Amino acid sequence: WIEPAANDSDRWGPYAAGIPRRVRIFYSYRIVWGRRLRVKGIEPDVAYRACFINPSTGEEHDLGPVQAEADGTWLVPQQPELRDWVLVLLSVP
């Protein structure tokens, strides 16, 4: 669900978890600054809202509605500050 993603040669890359059509959660220990992440496989009939969460404080930074491209991808905005963040996409009714 995320590109680039962690793999055997890059275990520090972003990881993804979630429940299809309900919630997606992304995390990377390594700070991804200046390198844009892309969420993949967004269902065309599901509306998501996104936010960054500071894992140290729980503070949320709302990103608003996710506007996926026709191919089901979404270019993640740059993080609000230089640190690790949790990215959450939550489906809305």
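The model shown is predicted, which means the values in this text are computed figures rather than measured ones. (Residues numbered from 1 in each chain as written. Predicted model: local features only at pLDDT ≥ 70, side-chain atom pairs only at ≥ 80, totals over all residues. Heavy atoms only, no water.)

**Q** Please clarify how the packing of aromatic side chains should be interpreted in this entry.
**A** A ring pair, where both rings are aromatic, is described by two values, the distance of the centres and the angle of the planes. This model, assessed by the stated rule, comprises 1 aromatic pair. Ring centres of phenylalanine 52 and tryptophan 85 lie 5.9 Å apart, and the angle between their planes is 55 degrees; on these two criteria the pair is classed as tilted. In this pair, phenylalanine 52 sits in strand β5 (residues 47–53) while tryptophan 85 sits in the loop between β7 (74–75) and β8 (86–92), placing the two residues 33 residues apart along the sequence. Of the two residues, phenylalanine 52 and tryptophan 85, neither departs from the other in class, the shared state being buried. Sitting over the face of the ring of tryptophan 1, arginine 24 holds its NZ or CZ atom 4.4 Å from the ring centroid. (Phe/Tyr/Trp six-rings, centres within 6.5 Å; stacked < 30°, edge-to-face > 60°. Helix = DSSP H or I, 4+ residues; strand = E, 2+ residues; numbered from the N terminus. Buried < 20%, exposed > 50% of the residue type's maximum accessible area, 1.4 Å probe, protein only. Lys NZ or Arg CZ within 6 Å of the ring centre and 35° of its normal.)

**Q** So what exactly am I meant to see when it comes to the sheet that holds β5 here?
**A** Consider a sheet: its strands pair through backbone hydrogen bonds, and that pairing is either parallel or antiparallel. Spatially, the 5 strands line up as an open sheet ordered β2-β3-β8-β5-β6, and their pairing is antiparallel. Where the open sheet ends on each side, the last strands, each with one partner, are β2 (15–19) and β6 (60–65). Adjacent strand axes in the sheet meet at a mean angle of 15 degrees when their direction is disregarded. Relative to β8, β5 runs antiparallel, the two being bridged by 7 bridges. (Pairing = 2+ DSSP bridges. Axes fitted to C-alpha atoms, helices over the stretch in contact; angles between N-to-C directions.)

Purely geometric numbers; function is a separate question.
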